[in-house]
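Architecture at a glance
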Amino acid sequence: MRSRNKTMLTLIALLTVISLLSSACSAGTTGTAGTTGPTGVTGVAGPAGPTGATGEPGPAGIAGPQGLPGADGVNASDNSSGSGDFSGPDYSGPNEGVAGPTGPRGPAGSKGATGPTGPAGVAGPMGVTGAVGPAGLTGITGPTGTIGPSGTTGGTGSTGPTGVIGSTGPTGSSGATGTTGATGATGPTGATGDTGPAGDIGPTGPTGATGATGATGAGTTGPTGATGPTGDAGGVLGYADFFALMPGDNFATVAPGADVSFPQDGPTSGIAITSTSASTFQLSAIGTYQVYFQVSVQEAGQLVLTLNGLELAYTVAGRAIGSSQIVGMALVSTASVNSILTVQNPTGNPVALTITPLAGGTHSVSAHLIVIRIA
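Conventions adopted
Residues numbered from 1 in each chain as written. Predicted model: local features only at pLDDT ≥ 70, side-chain atom pairs only at ≥ 80, totals over all residues. Heavy atoms only, no water. Pairing = 2+ DSSP bridges. Helix = DSSP H or I, 4+ residues; strand = E, 2+ residues; numbered from the N terminus. Axes fitted to C-alpha atoms, helices over the stretch in contact; angles between N-to-C directions. Core = buried A, V, L, I, M, F, W, Y, C linked by side-chain atoms within 4.5 Å. Buried < 20%, exposed > 50% of the residue type's maximum accessible area, 1.4 Å probe, protein only. Contact = heavy atoms within 4.5 Å. Patch = residues over 30% accessible without salt bridge, like charges linked within 9 Å, V, L, I, M, F, W, Y side chains within 5 Å. Areas by Shrake-Rupley, 256 points an atom, 1.4 Å probe, with all protein chains shown as cover. Salt bridge = Lys/Arg side-chain N within 4 Å of Asp/Glu carboxyl O. Polar contact = N/O pair within 3.5 Å; in protein donor to acceptor, adjacent residues only side chain to side chain.

As a further point, take the sheet that holds strand β9 (residues 326-333). Spatially, 5 strands are ordered β2-β1-β11-β5-β9 in an open sheet, and the strand pairing comes out antiparallel. Each edge of the open sheet is held by one strand with a lone partner, namely β2 (264-268) and β9. Strand-to-strand twist across the sheet, computed as the mean angle between neighbouring axes with direction ignored, equals 15°. Here strand β5 (residues 288-295) runs beside β9; their pairing, made up of 8 bridges, is antiparallel. Each residue of the ladder has a partner; that of V295, found in β9, is I326.

To continue, consider the nonpolar core. By size, the foremost hydrophobic cluster in this structure holds 32 residues, and its most contacted members are F262, L305 and L369. Apart from the residues within four sequence positions on either side, L305 is in contact with V291, F293, L310, E311, L312, T315, A330, V332, L341, T342 and V343.

All right, on to a nonpolar patch on the surface then. Taken together, the side chains of Y292, V327 and M329 present a nonpolar region at the surface, about 290 Å² in accessible area. Mapped onto the elements of the fold, V327 is located in strand β9. Judged by relative accessible area, V327 falls into the partly exposed class, the value being 43%.

Take Q294: it is sitting in strand β5. Classification of Q294 by relative accessible area gives buried; the value is 8%. Within the local environment of Q294, its side chain forms a polar contact with the side chain of Q325, the two groups lying 2.9 Å apart. At a separation of 3.4 Å, a polar atom in the side chain of Q294 contacts the main-chain carbonyl oxygen of S366. If near-sequence neighbours (up to four positions away) are discounted, Q294 is found in contact with Q325, I326, V327, S366, A367 and H368.

See the structure below:
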């Protein structure tokens, strides 16, 4: 029993020392970290610190008192005193003494003092940082490949449709027409002198000999007679052509009740048919005129001739949506001198008209007003 207790105490003490040494033996101090480079070869681990000395075992506990020996039995054969050791298996004498009770267990000995902690092991040296390997050489640049042949040029794409032309702003109002001066009165034609009666033609006489040239008479030449009225010129008494070019002219839309402009002069016969503004035209003589107009527009619409501000209903020309021009032709008779003629978007129509620029191509497109006096 004592030997077993001693062994247990020794094991406990040894485990305690090992535990203390494990916690006390800390790692060596870490050296300063060098510049980060390629990972160096791992350094050799430092040797483990020595194990601390085992502490002295504590003193053994005090043994309990020995039990009292039993009384000697009497030997039945020779009455000699027994020794009390007759405990073998083959002996059972009647005078065997009774074994005394086992004494109480002695108190456990006090725990021995803990041995001193062994010194910390020296930290192994840090491994040397491996040198950075040299950079590899740059590979040789490969030769430039040959340029491939140029591809054939693709065909020209079809021209996209022309964008819609923005609506033209409204035409500004025309200035007031100035007062036409009065035509001067035609002077009276002088009277033609009376023609004398013709004499009877006598018989033709024989040709006489040529006489000598007589002296020139002293009589005066009579006055020239007055010029007679101008005769008919074959049905045309005057003409004029007025036109516009788009783009440039008629840049604004023509609102209902507004006139189309023909601001440029074409061929003309004189001053009998003239423009008084870009959109008004004067017919100076009373008579009958053949009027012709043509205008390219983008919308469905109508045009009408006006005379002295009044629409001539019989002259309206129009078209539905499509690609044609608005073309009109009519005879207009005047009842007063210096009448004013226009080509107008009729009052009350629903839309303003856009005079088409560059219709059908890349050249400016013309609009015309032609006036011919025939009577």
